[in-house]
Each structure stands twice: as structure tokens, then as C-alpha cells.
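Observations on chain architecture
Spelled out from the first residue to the last, the chains are:
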2 protein chains.
Amino acid sequence: MSEKKIPYKIYLEESELPRAWYNLRADMINKPAPLLNPKTFEPATAEDLAPVFCDELVKQELDETTPYFEIPEEILNFYKMYRPAPLIRAYCLEEKLGTPAKIYYKFEGNNTSGSHKLNSAIAQAYYAKKQGLKGVTTETGAGQWGTALSMACSYFGLDCKVFMVKCSYEQKPFRREVMRTYGASVTPSPSFDTEVGKKINAEHPGTSGSLGCAISEAVETALNKDGYRYVLGSVLNQVMLHQTVIGLETKTALDKYGEKADIIIGCAGGGSNLGGLIAPFMGEKIRGEADYRIIAVEPSSCPSLTRGTYAYDYCDTGKVCPLSKMYTLGCDFIPAANHAGGLRYHGMSSILSQLYDDGLMEAVSVKQTEVFEAAEYFARIEGILPAPESSHAIKVAIDEALKCKETGEEKTIVFGLTGTGYFDMMSYEKFHNGVMTDYIPSDEEIQKYTKNLPEIK
Amino acid sequence: MSEKKIPYKIYLEESELPRAWYNLRADMINKPAPLLNPKTFEPATAEDLAPVFCDELVKQELDETTPYFEIPEEILNFYKMYRPAPLIRAYCLEEKLGTPAKIYYKFEGNNTSGSHKLNSAIAQAYYAKKQGLKGVTTETGAGQWGTALSMACSYFGLDCKVFMVKCSYEQKPFRREVMRTYGASVTPSPSFDTEVGKKINAEHPGTSGSLGCAISEAVETALNKDGYRYVLGSVLNQVMLHQTVIGLETKTALDKYGEKADIIIGCAGGGSNLGGLIAPFMGEKIRGEADYRIIAVEPSSCPSLTRGTYAYDYCDTGKVCPLSKMYTLGCDFIPAANHAGGLRYHGMSSILSQLYDDGLMEAVSVKQTEVFEAAEYFARIEGILPAPESSHAIKVAIDEALKCKETGEEKTIVFGLTGTGYFDMMSYEKFHNGVMTDYIPSDEEIQKYTKNLPEIK
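Definitions and cut-offs
Residues numbered from 1 in each chain as written. Chains lettered and ligands numbered in written order. Predicted model: local features only at pLDDT ≥ 70, side-chain atom pairs only at ≥ 80, totals over all residues. Heavy atoms only, no water. Contact = heavy atoms within 4.5 Å. Buried area = accessible area lost by both parts, 1.4 Å probe. Salt bridge = Lys/Arg side-chain N within 4 Å of Asp/Glu carboxyl O. Helix = DSSP H or I, 4+ residues; strand = E, 2+ residues; numbered from the N terminus. Expected span 1.5 Å × (residues − 1). Buried < 20%, exposed > 50% of the residue type's maximum accessible area, 1.4 Å probe, protein only. Domains from an automatic or database assignment. Polar contact = N/O pair within 3.5 Å; in protein donor to acceptor, adjacent residues only side chain to side chain. Nonpolar A, V, L, I, M, F, W, Y, C, P; charged D, E, K, R; others polar. Least-squares fit on C-alpha atoms with pLDDT ≥ 70 in both. Phe/Tyr/Trp six-rings, centres within 6.5 Å; stacked < 30°, edge-to-face > 60°. Lys NZ or Arg CZ within 6 Å of the ring centre and 35° of its normal. Axes fitted to C-alpha atoms, helices over the stretch in contact; angles between N-to-C directions. Parallel < 35°, antiparallel > 145°, perpendicular 65-115°, else oblique. Pairing = 2+ DSSP bridges.

Focus: the interface of chain B and chain A
- Contact residues are listed per partner, giving 48 residues for chain B and 48 residues for chain A.
- Carbon and sulfur atoms make up 52% of the surface buried where chain B meets chain A, a total of about 4700 Å² over both sides.
- The partner of A:Arg176 in a salt bridge is B:Glu429, and the shortest N-O contact between them spans 3.0 Å.
- Sort the elements by how many residues they give to the side of chain B that touches chain A and helix α8 (residues 173-181) of chain B lands first, with six residues.

If you want it as C-alpha cells, here you go:
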């Protein structure tokens, strides 16, 4: 390869970092439906949300009109410790595929938490500190969010209580130790510390836990503990707002080199990384300033966008959190046991759900063995060992690049590489040993929980 | 904190990356003593080394006069995938310590192998490929080197056979899976695939292996396999040569902002990262152009510089490799069982040994509990979770910064943060659980193996 005009890795200058988060809702013509109070089914007010969430975050959650929220200096200073994240030109992958497409990926894994989750964790910890709180509670499944939050809390001197889904707690002791390094207390869920935990332990002795149950335990703890609030790593509008630093940096980097994306691809679980990546591009699309193909990629074993129902549903199994209108598989849906990695949430961010319903973006689902094939292929060519979640986007980016090879089109493909797979080697091991399997739920399984969604007038 | 003149992270432009490795030996007044043929005790010739090492690497190993070796474009292109490594201004650490010192660290952990080892792995793989070889063999202990080499071999399509010390193989299955992701074959050592492995297994049934044994197995395999050579991740002159990209980038970054280091600190096991970091600074010091305090930090449980003997010794337990004149604890020395992490080699790079003997650098040893204290302290303030090895340098950098606090001196401290601790969480767990202990060998233990060093006329 000869000298390239565009570097392998575009690092913005510190002065080029975004100074404000972008609130896509301000530009959306059809606004996402409001959260509902789980008791009254009325739109949730700031007062409804205040016992659970920090005041400033409640404001961000409910604000549909303010286009930009200035990033406080304290958060900006923390961002400078690990951002800008590089926008990487995948020269080696392009060459290997023999595609005329130009491929870029925004890599969010170069921080100790290993993923983009830190972008929102530090913001949520900051607002908790500013409100004079003692600490926060949360849940974590795969562990990325819990790790990110423990780092953020450590930085601001906040207590951090993490309920970790029991099977992850046992299978990922290293994740647990990273959180302990940052001073967090990590409790396997279901625990005997909460009423909901005790109840589930009594009803299902020896259960390995679920994300929905861990959420309920974390919320209960926050409600009962003076000076604590609950924080969440995805799904919510506030989280997507903070994650727009991904997309804003990406756009600035592309603009700097006169590049224009044609296709933007991201994996989608709760939707925060995808939402953050696409936000500024989607804004242009809505305002008619540019056009982009935007593709959400989800696991075929947890296909909320591609096979779910667009309706109001509970955000958690315990039904203590507000309801959200979203593409959902039902709040009791749990992916099959062979599903590895994250992207296992039953629903999808209400913003992304609305955009998808409006036909502004596409969605595809992919099988996990083909995801791990793409992951390993990518690792060997581009060096970075990707998280299973991120590899969903890799799979579809490669597919699109190969289509360009067929047609000869020189499209510019941008995808989000949300994190590293350092803590997912057990799944890689299954893949290497040929014992990884796929699962596509039947229509009956999909309808099992969606036929009982709450009836909202 | 207000706006800073110098960014938190200095990323050089792609055009500012080093184009050549710097051969410090060319500037050394007292050259390091030559390697000796283990059979004749005569200086090893290129012919002696050719069956074990790649031809081009043998040239680099033996060359004491060429000041710069141009980095081949293929290696440069790979470097661009993960370099420049950032030089980070530790603003948060400075503030927390309340020191007038300015602290910088060069972070080499932002690549999938998680450490600086990749800098030499890709070079060695390239020369093996260029020579038309089929593959390479090596050993790995903690796993950083094996991971780096597997990535490098994958990139160039070379076979990679890694002998992994058995206890690491069993205790670090994730490291093993990363290597497998990159297509390497990983064999626990001692194995039944080599004569030396069979012998050790017969003599010590159930042994958990040692680095020295794994080296001997890898060398034997390379010697017996057509189209294979052995490669090593530290100690050798060639490795230190490749690692000078660390120091060259560091110096360019400091110069760019008009900063001058006063103290340069690095951890030292075999010496390649320290040697690479300090090379351009040491060159200036030798040439009388500048003065620097240079400090090597080693574990008190494996104190080759601070308590070893400067003499010729074997590089491996099996005594099949050449002899090197170095500070050594004896080739049969193995650190106590409670020693966590790397930095467990019995000797020290002959270049660094000579520089230390000439009084051009200092050395200190530190206890592992204080190293992990420093590691956790650093993680909570600077965000990055450091490798145990790197944390030796952190410990001494903090000590020096606190001295500046006492004296009020505004010194500039630069240290090498060689890698991340993602795969060392078992050691962190011991530390968190309060069961980590220290070990300082007695004088008798130190003398046990050094009193039997080979007699060289």
C-alpha cells in the first residue's frame, strides 16, 4: 500500500471535540411517544421521575425542543482523558475484500471500560454528584455498563452499587474485579438485599438471574436509600443524548477530510450507541439537507425492531419503571440460552422506534455464528478484537462492501465499533470449538409475550 | 480545571511517526558485550544465529554501528493501524497529588494485544515472511507477547506456534482464546511435543512449567521444523531496536510542545520497553546534549539489576540459546510463587546492563503490594486500568512527584505505561481480597544461582 491521503486513524484535535450534545428530538417531525407512569398510564411528569432519576437527567429525558445541551466542563475534562475516539479508515479490510467501497469505523473501545458506555456514565455520575447525592445504583448484564459507571463514580467520588446478573457475575469474574478496582460494590442478582430479589429467589431457587430482575433490584435500592438514584446505560432519551458525542465526532472527522457517508451502520440493543452515532446524520436527513441509508443491526435471537411490536410496554420485568412506546418483544422476553454477548434487551429506544416506524431507517437481524465469523475475520485483518455486539455491525458493513464489489459502486460505509471483546473470550472459545449455535425464535415464541402487552387507551 | 495549553493526550500526526528505528548501540561508548556461542563460548557469529533467528534480525542483533534502521513500509502501514500511541498528560493525577511536577505517560495499551510487545512482533513477523518462512515459534508467560505475535503472524499469513507456560495456559484461558482468534496454535509447556518437554515432564510430573522451559521448547521446535525460526519478545538487541518507536514518538511529542523531560521512568523485566522508551534520551545523554535521570523499576521479587551479578549467563534454562553478559540472578532463578504478572525474567538486556554498569541510569526495586496500590490509585484517577508490570513505573513516578511536592520543584516526569491489566484481574482480585503478599529473596537465595554462573575467560 502506498501513502494515503486520509490517515488510517483520524484523531480530532482536543479543540474540535463537541461542546454540546445534540438532541435529535428537536428536529424530529413525529416526536417519540412520552414515557408513561406505570401506575396511572398517564405521561410521566418530572415529579413522577424525580424519585428514581437525577433532576437534571429528568429534564434531559423530557426535553423535546432544545436542540443542543452544552456539555459541562467537568464532563468535557473527563472526555478528554479518553476521547476523541478515532475514526478509522479500514484500508486493510477494503483491500482484503477487494471492494471499491470506502469503509470507516468509529472505535469506542479505547478506554478501560472497553465500550461507548462511558460517554453516558460520566454524564450521569456528574449530574448525581452535582445534585449532592451520595451514590447511584444500576444493573449490568455483560458488564460494560457497570464497568463504565464504576469508573465514572470513582472519578467523582460517588458510591456505586451494581446488581450484576448472577450468571454473568459467576462467568465474568474479571469484569467484576474491574468494577471493584474502581471501588464499586457488585452484588449478584437476584440477591437477598431487596424485596424483589428475595421474592425471585424464593420463587425460582437457584435462578441465574435476568437483566429485568437486576433492573428492578437496582431501582428498589435507589428508592429506599437516602441520597441515591438509579441510572441506566441505554434505552432512555438522556442516554442517547450523551451518546451523540459519537456521531458528532464522526461527522466532524468526515467533514474534515471532505468525506460523505452513504451508509451508516450500527448494532442495536437498547439503541443508545446506534442513536448516538446516527443522530447528526439523521438530523440532516430529517431536515432534507442530506440523505443517508441508516441500518440498525440486531441479533436474530432478540429481534425487537425486525419482529417486535410497536406499542407501549414496560421497560423492566418488575414493572416498576415507566412504560415506553417502542418496538418490543414483551418485557418478559429473554433470549435463548445460547445467545452470547449483549443486545439482549426486549425493547428499543423510543426515539429509534419512532424513526424506524417513520421509515427513516432500516433494520436487519443476523445470526450469531455469522457475527462471530465476521468478528474473527475483522480481528485478523484490522487488528482490533471486537465485542460480539459491535460485530453485528461489522457483519453488515462487510455485506454492504461486498455488494459494492458486485456493482462497482464506490460507496462510503461508516459503522460503529462500540467496544472490545476482551471480556467475551468465553464466547469466542465456543466459536473456536465449533459449539456455538444459532437461534431464531418461532413466530409463536415472538407472540408469546407481545400478545399480552399492556392496553393503553 | 480550566483550558490547558497542552492537550490531555498528544497524538502525533501520521506524518510525524518515526520512519526509522534508532540503534542506541551506535552511540554507546562502552558497547554491550557480544553474545556467546553456548558450545564454544566464542562471540556468536551470524552463522551461529542463523538456524534460530531470521537473517535480517540476526543482522540487527549484531550491528553496533548503524545508527538508524529504516522501518519497512509494510511495518509502517501496520504501525499506522494502532500507532501513534498517545503521550498523555496526567493532569488529574497531578491535581490529586498536589504536586508541582508535570507528569506524562506514554500509553502502549491501546491495541488488542494490550501492550507494547506488538511493536517488535510485527517487525519480527515481517522479516520472517520476507525470508519466505512458513512460520515462527515462541514462548509466552503472562501472554502479552504471544498475543502480539499471533496478531502479527495473522496479518502476514504466517503460522504461529506458541508454547505457553502451563500455569498461565490454565489460569488465563482468555489470553489463549485471543491467540486462537488470530489463528495461532497454543501448546501448554512443558508439552509432549518436544524432547525437552518430555524430559521435564518425566522428571517433574505435574509441573506447572516455567518461562525458561517454554523458551527451550520453542527453540527446539524451530530448529527441527523446516521453514520455521524462533522469535523472542524481549531481552535481545533487535527487540529493543524495534521498541525505540516508543521513545522516538515520546520525544517528538514532547518537543512539539516545548517540553523537556527531567526524569524518565520505566518498568524493567527483560528491558525492551524501558530500552525503547529511553533510547533517544539516552543517546542525547551519552552525546552530552542533554541530561536526564533515567530510572529502571523492577520487582523486589526478581531484582536482576539491583541485586543481580553482572556477568555472562545463559538466556534460557535449557542452555540452548547464546550467552549474554547481563545483570542476572542465574538462569535457574524463578521468582517466588506469590509473584504476580510479568517482569519475571532472570536477566536483563545486555544494552541496559551496560548502561547501568556505566552509571548512566538508576534502578530501584519495589514490592508488589505497593505496586498494586499505585495501580488502583492510578486507575481511579486517570481511568486506565494498568498492567501490573506497568504499575511498577507508576509507583516510582508517584514517588518522584511527591518528592517534588516536598521540594517545590517543577520537574517533568515521563513514564512508560506499557499495557492494560485486562488479563490480570486474578491478581487484582487477590489484591482486593487482601491476600496478596510480598516477597524479598534473602541474600542466600540470590546467591544460590549466581554463584554457579558459567566461567568465561
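Points about helix α5 (residues 118-130) of chain A
Residues and elements named next belong to chain A.
- Its 13 residues give α5 an end-to-end C-alpha distance of 18 Å, which sits within 8% of 18 Å, the value for a rise of 1.5 Å per residue.
- Most of α5 is tucked away: eleven of the 13 residues are buried.
- Of the positions making up α5, those classed as buried are Leu118, Asn119, Ser120, Ala121, Ile122, Ala123, Gln124, Ala125, Tyr126, Tyr127 and Ala128.
- Here the buried face of α5 lies against β2 (20-22), α2 (55-62), α3 (73-82), β6 (135-140), α6 (144-156) and α11 (237-256).
- Backbone geometry just after α5 places Gly132 at a positive phi near 80°.

Some remarks on the domain arrangement of chain A
Residue and element names in this part refer to chain A.
- Each assigned domain of chain A is listed here: domain 1 (11-19 + 71-114 + 237-450) and domain 2 (49-54 + 116-230).
- Each of domain 1 and domain 2 was reduced to a C-alpha centroid, and the two centroids are 24 Å apart.
- Contacts between the two partners involve 36 residues from domain 1, matched on the other side by 29 residues from domain 2.
- In total, domain 1 and domain 2 occlude about 2900 Å² of area from one another, counting both sides; carbon and sulfur atoms represent 65% of this.
- On the domain 1 side of the contact with domain 2, Phe78, Ser113 and Phe423 bury the most area, a combined 24% of that side's loss.
- Seen at the junction of domain 1 and domain 2, the total is one salt bridge.
- For the salt bridge of Asp424 with Lys172, the shortest nitrogen-to-oxygen distance reads 3.2 Å.
- On the surface where domain 1 and domain 2 come into contact, there are twelve residue pairs in polar contact (both at pLDDT 80 or more).
- Where the side of domain 1 that touches domain 2 is concerned, the elements lending two or more residues are α3, α11 and α12 (272-286).
- The residue inventory of the side of domain 1 that touches domain 2, partitioned by class, reads 17 nonpolar, 13 polar and six charged.

Thoughts on the relation of the copies chain B and chain A
- Superposing chain B onto chain A requires a rotation of 180° together with a translation of 0.0 Å along the rotation axis, leaving an RMSD of 0.0 Å. Interpreted geometrically, this transformation is the action of a two-fold axis. Proximity to the rotation axis, assessed at the C-alpha, singles out B:Asn110 in chain B; its C-alpha lies 3.0 Å from the axis.
- Both copies present the same face, since 100% of the interface residues in chain B are matched by interface residues at the equivalent positions in chain A.

Notes on the packing of aromatic side chains
- According to the stated counting rule, one finds 39 aromatic pairs over all chains in the structure shown.
- With centroids separated by 5.2 Å and ring planes inclined at 85°, the aromatic side chains of B:Phe281 and B:Tyr292 adopt a geometry described as edge-to-face. With B:Phe281 in helix α12 (residues 272-286) and B:Tyr292 in the loop between α12 and β11 (293-299), this pair connects stretches of sequence that are eleven residues apart.
- Relative accessible area serves as the criterion here: at 2%, B:Phe281 is assigned to the buried category.
- A relative accessible area of 5% places B:Tyr292 in the buried class.
- Measuring from ring centre to ring centre gives 5.2 Å for B:Phe372 and B:Tyr428, while their planes differ by 75°; the resulting arrangement is edge-to-face. A residue pair is termed long-range when its members are at least 10 positions apart, and B:Phe372 in helix α15 (residues 368-382) and B:Tyr428 in helix α17 (residues 425-432) qualify at 56 residues.
- Given the relative accessible area of 0%, B:Tyr428 is considered buried.
- An aromatic cluster is present here, built from A:Phe78, A:Tyr79, A:Tyr82, A:Tyr126, A:Tyr127, A:Tyr155 and A:Phe156 joined pairwise through their rings.
- It is A:Lys225 that lies over the ring of A:Tyr228; its NZ or CZ is 5.3 Å from the centre.

Concerning the packing of α2(A) against α11(A)
Residues and elements named next belong to chain A.
- Where α2 meets α11, the axes come as close as 8 Å, and the angle between the chain directions of the two elements is 90°. By the criterion of interaxial angle, the relationship of α2 to α11 is roughly perpendicular. Where α2 approaches α11, its residues Leu57, Gln60 and Glu61 are matched on the opposing element by Asn237, Gln238, Leu241 and His242.
- Residue classes in the contact of α2 with α11 are distributed as two nonpolar, four polar and one charged.

Focus: helix α3 (residues 73-82) of chain B
- Burial runs high along α3(B): eight of the ten residues are buried.
- For α3(B), the full list of buried residues reads B:Ile75, B:Leu76, B:Asn77, B:Phe78, B:Tyr79, B:Lys80, B:Met81 and B:Tyr82.

Regarding the pattern of salt bridges
All names here are of chain B.
- Summed over the entire model, instances satisfying the criterion amount to 54 salt bridges over all chains.
- Put simply, Arg83 and Glu249 hold a salt bridge, and the shortest N to O gap is 2.8 Å. Pair noted here: Arg83 is in the loop between α3 and β4 (87-89) and Glu249 is in helix α11 (residues 237-256), with a separation of 166 residues, a long-range link. An identical accessibility class is assigned to Arg83 and Glu249; each is buried.
- Among the salt bridges present, the one from Lys251 reaches Asp255, with a minimum N-O distance of 3.0 Å.

Digging into the sheet that holds strand β7 (residues 159-165) of chain B
All names here are of chain B.
- Spatially, β8-β7-β6-β9 is the arrangement adopted by the four strands of the open sheet, whose pairing is parallel. In this open sheet, the two strands that pair with only one neighbour each are β8 (185-189) and β9 (228-230). This sheet shows a mean twist of 25° between the axes of neighbouring strands, independent of strand direction.
- Two strands pair when backbone bridges link them, and β7 and β8 are joined in this way by five bridges, in the parallel orientation. By the bridge assignment for β8, Lys161 is matched with Ser185.

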